[in-house]
Amino acid sequence: MKKTVTALLLLGFIAACKQDPKIGNNSNEPDSLYQSTPYQGMPTLTNRYRSITSPSDNPLTAEGVQLGRMLFYDPVLSADSTVSCASCHNPRFSFGDSSTTSKRVFGELTPRNTPPLINLGMNKKFFFDGRQTSIEDATADALKGEQHFNYVFSKSKLETQQRYLYLFKKAFGRPGDVTEDKVHKAIAQFLRTLVSYNSKFDLYMRGEAVLTSSESQGFAIFNDNAKGDCFHCHADGPYLTFANQILFFANNALDSVNDLNDFKDKGLGAISLDANDNGRFKIPTLRNIMLTPPYMHDGRFATIEDVIGHYSDSLKYSPNVDPLMQQFNQRGVHINQVEKNQLLDFLKTLTDTSFINKPEFQDPFK
């Protein structure tokens with residue numbers, strides 16, 4: 001009977017996220033209070049999707065994901081308790097931002113456009129310059145850079161709330177203390193659950209939808225060397241990631257420079273310290289691309305039409321433009337307006353509205 005009551009209390013807490021379970025802090029608490037529940041919410045994906053895996057030291061648990069979701073939306077982790085992860089990563093914009101740059105703590109602006117958080121578990125590099133290689137490390141980086149996260153200060157705030165103490169215990173076991181590492185791991189668990197797989201194009205690939213003539217033509221243009229020539233950078237073999245997970249980075253002819261040291265933002269080069277990497281940035285996914293303007297690492301393009309126009313007619317010279325851009329010498333692929341419209345129609349099929357509206361991804365405090 002006691003086990004049944006405990007289970008009901010836990011389910012109610014996870015759903016409402018506002019109850020404060022009366023769990024003590026003494027060392028004699030039964031071990032049952034420290035046992036987490038394996039997370040069951042991850043979709044079962046076919047082999048058309050890159051696999052989503054968790055590190056062995058941070059498996060997904062129901063309590064860990066819920067804790068991460070709360071920390072993601074709670075400004076308690078920022079230096080002045082005003083900025084949360086969700087302040088810059090809004091679910092309406094596929095967990096990105098609608099501004100060219102985002103506001104950090106104390107009114108500072110981010111140096112680059114905020115990337116959307118989508119299918120991160122299928123990624124191997126993070127941030128436009130690829131400076132982190134795990135979601136946990138990327139979380140730690142973002143917390144310190146954007147929210148000026150101070151662990152000692154935030155720990156004291158978290159420990160005043162019974163619901164947090166309870167979930168840290170359930171998610172990570174004894175001794176149930178609040179540590180910086182657990183904060184990073186919990187948020188990373190939540191981020192791994194942000195999986196998109198139900199766009200119209202996904203349904204089409206599963207035989208559950210039919211593309212219109214214009215969408216189908218746009219898909220053909222996307223994969224045509226002499227037309228859109230998009231697939232070199234925005235494809236991943238048989239996997240539906242729409243971001244090259246082998247090439248990772250590219251100079252996509254955004255800026256005109258004669259010397260590799262003249263790039264205003266050196267991108268990957270600032271991390272690798274190799275001048276040949278200057279001006280190279282991570283290739284983003286095209287999933288939910290219609291929901292994530294403005295575009296490019298600096299948000300220079302306000303609309304997707306501007307992006308298509310760049311690749312069609314406005315490529316700029318620099319010494320290390322990616323060789324996969326086969327039409328670079330003629331400054332673009334030069335598709336006509338009808339073809340641009342068809343390509344746009346195809347890109348719209350990559351929108352997954354179920355992803356941005358999924359209840360499990362929304363603010364748990366509302």
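Remember, predicted model here, so these are calculated numbers, not experimental data. (Residues numbered from 1 in each chain as written. Predicted model: local features only at pLDDT ≥ 70, side-chain atom pairs only at ≥ 80, totals over all residues. Heavy atoms only, no water.)

(A) Just the confidence of the model for the protein, in detail. On average, the protein scores 91 in pLDDT, and the residues at 70 or more come to 92%. The low-confidence segment residues 1-24, where pLDDT is below 50, has 35 contacts with residues more than four positions distant or belonging to other chains. (pLDDT = per-residue confidence, 0-100. Contact = heavy atoms within 4.5 Å.)

(B) Examining the side chain of Asp236 more closely. Tracing the sequence through the fold places Asp236 in the loop between helix H9 (213-222) and strand E1 (249-250). According to the relative accessible area criterion, Asp236 is buried, its value standing at 4%. Of note is the side chain of Asp236, whose polar atom sits 3.4 Å from the side chain of Thr241. With sequence-adjacent residues up to four places away left out, Asp236 is seen in contact with Arg50, Thr241, Ala243 and Gln245. (Helix = DSSP H or I, 4+ residues; strand = E, 2+ residues; numbered from the N terminus. Buried < 20%, exposed > 50% of the residue type's maximum accessible area, 1.4 Å probe, protein only. Polar contact = N/O pair within 3.5 Å; in protein donor to acceptor, adjacent residues only side chain to side chain.)

(C) Molecular detail of helix H2 (residues 62-73). Spanning 12 residues, H2 covers 17 Å between terminal C-alpha atoms, matching the ideal 16 Å at 1.5 Å per step. Taken across its 12 residues, H2 has 12 buried, putting it largely inside the fold. Where H2 is concerned, the buried positions are Ala62, Glu63, Gly64, Val65, Gln66, Leu67, Gly68, Arg69, Met70, Leu71, Phe72 and Tyr73. (Expected span 1.5 Å × (residues − 1).)

(D) Just the pattern of salt bridges, in detail. Within the structure shown, the criterion is met by 21 salt bridges. Residue Arg104 pairs with Glu108 through a salt bridge whose shortest N-O separation is 3.8 Å. By relative accessible area, Arg104 is classed as buried at 19%. Judged by its relative accessible area of 33%, Glu108 falls in the partly exposed class. Between Arg206 and Glu208 there is a salt bridge; the shortest N-O distance is 3.3 Å. (Salt bridge = Lys/Arg side-chain N within 4 Å of Asp/Glu carboxyl O.)

(E) Inspection of the packing of aromatic side chains at higher detail. The full count for this structure, using the stated rule, is 16 aromatic pairs. A ring pair is formed by Phe201 and Phe219, whose centres lie 5.0 Å apart and whose planes are at 70 degrees; its orientation type is edge-to-face. Here Phe201 is found in helix H8 (residues 200-205), whereas its partner Phe219 is found in helix H9, with 18 residues between them in sequence. Relative to Phe346, the ring of Phe219 has its centre 5.0 Å away and its plane inclined at 25 degrees; by these criteria the two rings are stacked. Here the residue Phe219 occupies a position in helix H9, and Phe346 occupies one in helix H12 (residues 337-348), the gap between them amounting to 127 residues. Chaining the aromatic ring pairs together yields one cluster made of Phe72, Tyr73, Phe95, Phe190, Phe355 and Phe361. (Phe/Tyr/Trp six-rings, centres within 6.5 Å; stacked < 30°, edge-to-face > 60°.)

(F) Just the packing of H2 against helix H7 (residues 180-192), in detail. At a closest axis distance of 7 Å, the pairing of H2 and H7 adopts a crossing angle of 100 degrees. With respect to each other, H2 and H7 are oriented roughly perpendicular. Contact residues: H2 offers Gly64, Val65, Leu67, Gly68, Arg69, Leu71, Phe72 and Tyr73, while H7 offers Val183, Ala186, Ile187, Gln189, Phe190 and Leu191. Taken together, the residues of the contact of H2 with H7 break down into 10 nonpolar, three polar and one charged. (Axes fitted to C-alpha atoms, helices over the stretch in contact; angles between N-to-C directions. Parallel < 35°, antiparallel > 145°, perpendicular 65-115°, else oblique. Nonpolar A, V, L, I, M, F, W, Y, C, P; charged D, E, K, R; others polar.)

(G) Broad picture of unusual backbone geometry. The omega angle of the peptide bond from Arg174 to Pro175 is 5 degrees, so this bond is cis rather than trans. Here Pro175 is to be found in the loop between helix H6 (162-172) and H7. Backbone torsion omega between Pro293 and Pro294 reads 0 degrees, so that peptide bond is classified as cis. Residue placement: Pro294 occurs in the loop between strand E2 (281-282) and helix H11 (304-313). A positive phi angle is found at Ser94, which is not glycine, with a value near 55 degrees. Position of Ser94 among the secondary structure elements: in the loop between helix H3 (85-88) and helix H4 (135-147). Positive phi is not limited to glycine here, since His334 has a value of about 55 degrees. Tracing the backbone shows His334 in the loop between H11 and H12.

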